[in-house]
Structure formats: structure tokens, C-alpha cells
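Structural overview
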Amino acid sequence: MSALGFLSSREDFSSAAPTATPQRASTAVPPWAAESAGFVLALTLALLAVWHVDATDRSWLLYYDGDSVLPALVRQSVLAGQPQDWSLSAVLFIPEMGLYFALAGLGLGVKGTFALSAVVNLLLLYGVLRVLAGAVHRGRPRSLRVAGALVAFGAMASLTLLEDSPRQETFELASLVVTTTYYSMTLLGAVAATGIVARLVTAQRGGRRRWLEPVLMVTSALSALTNPLFLAWATMPLILVLALVARRRVVGWRGAVRVGVLLVLGSGLGVAARIAFTPLFSKYGPTYSSPGLSWWSAVYYLGAWADRASTVAGAVSLTVAVALMLVSVIVFRRSLVARDAAAAIVSGMGWVAPVGLLVGGICLGTFAIRYLQPMVFAPVCMLVLAPRLAGQGRTFRGRLDGGKARAIVSGLMVVALGVSALATGALSRSAAVVDPDIVCVDAWIAASHRTGAGGFWTIRGPKAYLGEPDQLVQVDQTFGAYPWLSDRTDYANAKVSFVLTDNAHPAPVLPPVARTAPQSTVQCGRYTITDFGTALLPIGPASPNPLA
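Residues numbered from 1 in each chain as written. Predicted model: local features only at pLDDT ≥ 70, side-chain atom pairs only at ≥ 80, totals over all residues. Heavy atoms only, no water.

Turning our eyes to something else, we now look at the environment of Thr-219. Secondary-structure assignment places Thr-219 in helix α9 (residues 209-226). For the pair Thr-219 and Ser-267, spaced 48 residues apart in the sequence, the C-alpha separation amounts to 8.6 Å. The residues touching Thr-219, leaving out its near neighbours within four places in the chain, are Gly-189, Ala-192, Ala-193 and Ile-196. (Helix = DSSP H or I, 4+ residues; strand = E, 2+ residues; numbered from the N terminus. Contact = heavy atoms within 4.5 Å.)

A separate point is the packing of aromatic side chains. Per the counting criterion, the structure on display carries 16 aromatic pairs. On the basis of an interplanar angle of 85° and a centroid distance of 5.1 Å, the ring pair of Trp-444 and Phe-498 is categorised as edge-to-face. Separated by 54 residues along the polypeptide, Trp-444 in helix α19 (residues 436-448) and Phe-498 in strand β6 (residues 498-502) bring together distant segments of the chain. Classification of Phe-498 as buried rests on a relative accessible area of 0%. For the ring pair Phe-456 and Tyr-482, a centre distance of 6.0 Å and an interplane angle of 80° mean the geometry is edge-to-face. With a gap of 26 residues between them, Phe-456 in helix α20 (residues 456-464) and Tyr-482 in the loop between β3 (472-474) and β4 (486-487) connect regions that are remote in the sequence. Just as Phe-456 is buried, Tyr-482 falls in that class too. Through pairs of rings, three or more aromatic residues link up here, namely Tyr-182, Tyr-183, Trp-233, Tyr-371 and Phe-377. The ring centre of Tyr-63 lies 4.9 Å from the NZ or CZ of Lys-111, which sits over that ring. (Phe/Tyr/Trp six-rings, centres within 6.5 Å; stacked < 30°, edge-to-face > 60°. Buried < 20%, exposed > 50% of the residue type's maximum accessible area, 1.4 Å probe, protein only. Lys NZ or Arg CZ within 6 Å of the ring centre and 35° of its normal.)

What follows deals with the pattern of salt bridges. Taken as a whole and judged by the stated rule, the model has 13 salt bridges. Across the pair Arg-58 and Glu-172 runs a salt bridge, and its minimum N-O distance is 3.9 Å. Taken together, the residues Arg-58 in the loop between α2 (31-55) and α3 (59-63) and Glu-172 in the loop between α7 (142-160) and α8 (184-200) connect sequence positions 114 residues apart. The shortest N-O distance in the salt bridge between Arg-526 and Asp-435 comes to 2.9 Å. On the criterion of sequence distance, the pair formed by Arg-526 in the loop between β7 (520-524) and β8 (527-531) and Asp-435 in the loop between α18 (403-431) and α19 is long-range, its members being 91 residues apart. The class of Arg-526 is partly exposed, set by a relative accessible area of 24%. (Salt bridge = Lys/Arg side-chain N within 4 Å of Asp/Glu carboxyl O.)

Here we come to a positive patch on the surface. On the surface, Arg-247, Arg-248, Arg-333 and Arg-334 cluster together into a patch of positive charge. Structurally, the position occupied by Arg-334 is in helix α13 (residues 312-337). Residue classification places Arg-334 among the partly exposed residues on the basis of a relative accessible area of 38%. (Patch = residues over 30% accessible without salt bridge, like charges linked within 9 Å, V, L, I, M, F, W, Y side chains within 5 Å. Areas by Shrake-Rupley, 256 points an atom, 1.4 Å probe, with all protein chains shown as cover. Lys, Arg positive; Asp, Glu negative; His and termini not counted. Charge placed at Lys NZ, Arg CZ, Asp CG, Glu CD.)

For Leu-212, the position within the fold is in helix α9. Classification of Leu-212 by relative accessible area gives buried; the value is 5%. Measuring from C-alpha to C-alpha, the distance between Leu-212 and Ile-196 comes to 6.8 Å, with 16 residues separating the pair along the chain. Look past the residues within four positions of Leu-212 in its chain and what remains in contact with it is Ile-196, Arg-199 and Leu-200.

The predicted coordinates ought not to be read in detail in places where the model reports low pLDDT. In this model, the protein carries a mean pLDDT of 89, and residues with pLDDT of at least 70 account for 90%. Every residue in residues 1-27 scores below 50 in pLDDT, and together they form 52 contacts with partners more than four places removed in sequence or on other chains. (pLDDT = per-residue confidence, 0-100.)

This paragraph deals with the state of the cysteines. Taken as a whole and judged by the stated rule, the model has one disulfide. Cys-440 shares a disulfide with Cys-524; S-S distance 2.0 Å. Between Cys-440 and Cys-524 the sulfur-sulfur dihedral comes to about -55°; the bridge is accordingly left-handed. With Cys-440 in helix α19 and Cys-524 in strand β7, this pair connects stretches of sequence that are 84 residues apart. Accessibility expressed as a relative area gives 2% for Cys-524, which makes it buried. (Disulfide = S-S within 2.5 Å.)

Attention now goes to a nonpolar patch on the surface. A grouping of Leu-293, Trp-295, Trp-296, Val-299 and Phe-367 is seen on the molecular surface, where their side chains present a nonpolar patch of about 540 Å² in accessible area. Assignment of secondary structure puts Trp-296 in helix α12 (residues 294-309).

Quick look at the sheet that holds β6 now. Sheet architecture is open: five strands sit in the order β3-β2-β6-β8-β7, paired in mixed fashion. The open sheet has two edge strands with one neighbour each: β3 and β7. If you compare each strand with its neighbour and ignore which way they point, the axes differ by 25° on average. With five bridges joining them, β6 and β8 adopt antiparallel strand pairing. Across the sheet, residue Asp-502 finds its bridge partner in β8, namely Tyr-527. (Pairing = 2+ DSSP bridges. Axes fitted to C-alpha atoms, helices over the stretch in contact; angles between N-to-C directions.)

In C-alpha cells, the structure reads:
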């Protein structure tokens, strides 16, 4: 039977658990074996994805990019015993920071910790996809649930393999999950919330519902606390999907409203808790929008989309994303007909979240493509339903649990472990080698025992790997203070003695005193150090409206 045939099958999308078919105990896959096999395959895919990022120009985004290195900057500053007075954006990065600090305790170095964090982020994504698969395949064989999570996770990893640009503002959205500051934990929170909602709409009163409701509130509260984007990525689209499902009477209005209220209360508590962190914010949520620039926002996104589509890999990636959204629409409609609430929630998010976010972003006049990550991960989540689209649950189970299938899975495990070993070795060797230009810059700065300045995008990489990160101070184009994702105490030194520039970004305009002062230059690959010998370059006041 064709895939479209199964899309139209009510039986495949029935929310009722299928009748179990008697099987011999000798052919059944033990639960631990199914879960272990799923984890090993997920680990292999995660390592391959990070290996690809590490081996391409996208490695700059992972290891040295302006925003990505924030956790390393915080930790290096703490280890150096410097005062802590950080200036952040509207995002707190609480779970991202916690994960980085925990992994850094393993002693792998800055670059090694970033690589390990990337792998862990992907494994956490597999974990929440496994929760999502459990919600939509409730009552079905464990092997089917594991397979659903693996299909979705494999799609995300495959899309990552199609991305290789060092830039963060492109439609290469799948690989952003491996970074530490491009909202990986918000993505995980959105997927987890979708799974919890899908489970809640099919749960009976009492029992698991009693703990699922507070879990949903806590998940949404913590996610909204650390990043208000959670409201646009999960809270609002989930409420809209719940309304669409209730309108078709797949779930009762009372149950849908109850779950929606839990989402709103949890998210509201998270947003309210952000008040305690107000001193950390340099920019607030509303200041990110410019409704008057909606037309230019649409043109910007269209241009970025065309740029991504100009390469074969980009065209394939965008085609897959759009195709998955369209399939999500079809699955959503069939799920409503079959009254399968859990499948309707997941497939509904596969198209409501991307469309709603894109339209909302244009209306608000935003210009940050990284905010559009649900255009990739939301439709990918729909693929947890793939085993049900590929065939009847009974047939799939029979094939998967057979002796031949077990032999095939065993062979796959051997291959997966071998590939994992190769990828781990390659990443370990790479982690031991920091960019030579950055090594050159940091060695000179450390030996100088002096303080210098440079633009945000120029100094972030060297600053993250510097033993005393306050030796490099961020300045804007007018050589004024630029306290953005940095420690404000860096500006305790009102004057600096050298300036760091690079060949990819405009150099700041130096103060007039630099025109006549003696100076020398040191070349470190892409970087140039202009040394004035003594601290004579004054840093101007900070702009009242810092931009990222």
C-alpha cells in the first residue's frame, strides 16, 4: 500500500491502542534492547552530524562565533576571579550555561567542551523526540516508538549534514541546535511541551494526568524564563492547534481549554520570574520588533531564502522542509477525521508553528532568521509518526521483532559503534587544535600583560580562549563601550593600549590621539594587532541602544 494510502487510513491514526497479536517470547525484543539500540544509533547520528560541522566552515559558528562563545567567556571570567556584572540580551541562557559548566568540568578544554556540548544537545533532542514518539504511539510496541523517534532524529541530523556556512543568519537552521547560544534548550522545551500536550489530550482523568499537568507548567515556565521566544515557538502555536482540534470535536473544549490554561500559566510565571533578572538585560523583547519595517523584513527573508536555494544542498534542504510542512497538513487533516488527538497535535504543530512564526516575524518587522527554527524542527517532529505511515503497526512489529530483523539490528549496532569510534577520534583530534590565528593573538596578548580593544565579531573568538578574558574589551564602531553579551566590569580600564582587527569586519574608528601616537603592528593570520605601547586610547561611552 502506498504512503498516501496510509495517510487516508483511519485505522492507522486511531488513538486507540491496537489489539496485541500473540507472539512467542523468543522473538520479542526486550524493552532494554530496543531502547539501547535506539540510543546507540542516535549517538552515531549525533557524532556524524557534529563531525560534519567540525570539518566544514560551520565549525567557526560552533567554536569561535560571537554569540556561541558566551558560556566559555562566563566560565573563563569566573575562573580568572573577575567581578561578575554581565550584560545579556533578552535571553538568559540558564540551561545552556548549566550544561556547558557541567561538561567543562571534564577538563576537555574550551573547544573540546563545545564539541561535547554539541553531541549532548543532539542526544537531548533524541530524548525529547522519544518522549514525543511515546505520546503518539501509546499502547503500541516499544520498538515502534523507538523507530519513530529515530526517523525524526535522523531527518534532523541529515539536514545538518547539508549545512556548511560559517554564518548564523542563513536558512541553515537545523545545525543551530548543536551550538550553545542559538536557543537549543528552547527548541528542546518546545518539542517536550508538544509531547506533553499530545499525551495530556488523550490521558484519562487522574493517574498520569496528575503529574503531567505540573510537568507541562514547569517545562513552559522554565523555557519562558530563559527565553521568551518559547511563547512564539510553543505556547501560542500549541494553543492554536488545540483550538483547531477542539473545533473539530476531536477533544472536548473543556480539556483543550484546561491544557491551554496550563500552558499560559506556566509561560506567564516564567515571564514574570524574568523581572528578577532585569539588571542583566541590555535589550528587552519589544525592542526587537519594528512593525513599520514589515515590508523590508519580507524582502530580507525572501532574499535569504533565495540565497540558500542557490546551492544544491540548500535547495534540497528547503525542499525537504517545505515538503514536510505539506505532509504535516495532510496528516493533520487525516488525524482529525480519524479522531486521533495526539497525532493531530504533533502534525498540527508541523505547519502551524512555521507558518505562524514566519507571518508573525514579518508583521513585527524582525530580521533574525535564527528565530525561524520551528520551520525545520516542527515539521521534522511530525516524522515520529513515520512508522504508522509506512505500514500497519502489527506488520511493522512483526517485521521488526523477527529473527532476521534482530540479526540486521545487531549488524547495525556493530557498524554504528565502529562509525562512532571513528567520529569520536576525529573530534578528539580536532578539539586539541585551536585555530592557529587565535592561538597567535592570545599568546601575544597574554605576554603583553596589557588590555586592548576590538569590535564584537572580531574579538569574541580570541577572548573566549584567553586566560584573562578582560584583556580584550568590546567596542563599537566609534570606539565606544559595547556591553553586549559581556561583563560590564571589563570597562574598568578607561584606556587601552592596542587594537585587534580582522580581515572580515570593519575596523572601529580610533580616537584622534591614535593619529600621531607611535605604533607597531603584529600579524596573526586573519587578525592584526595594532600596538601603541601604552594605554592611551580612551574608550567612549556606551550607546543607549546596543544592537546584536
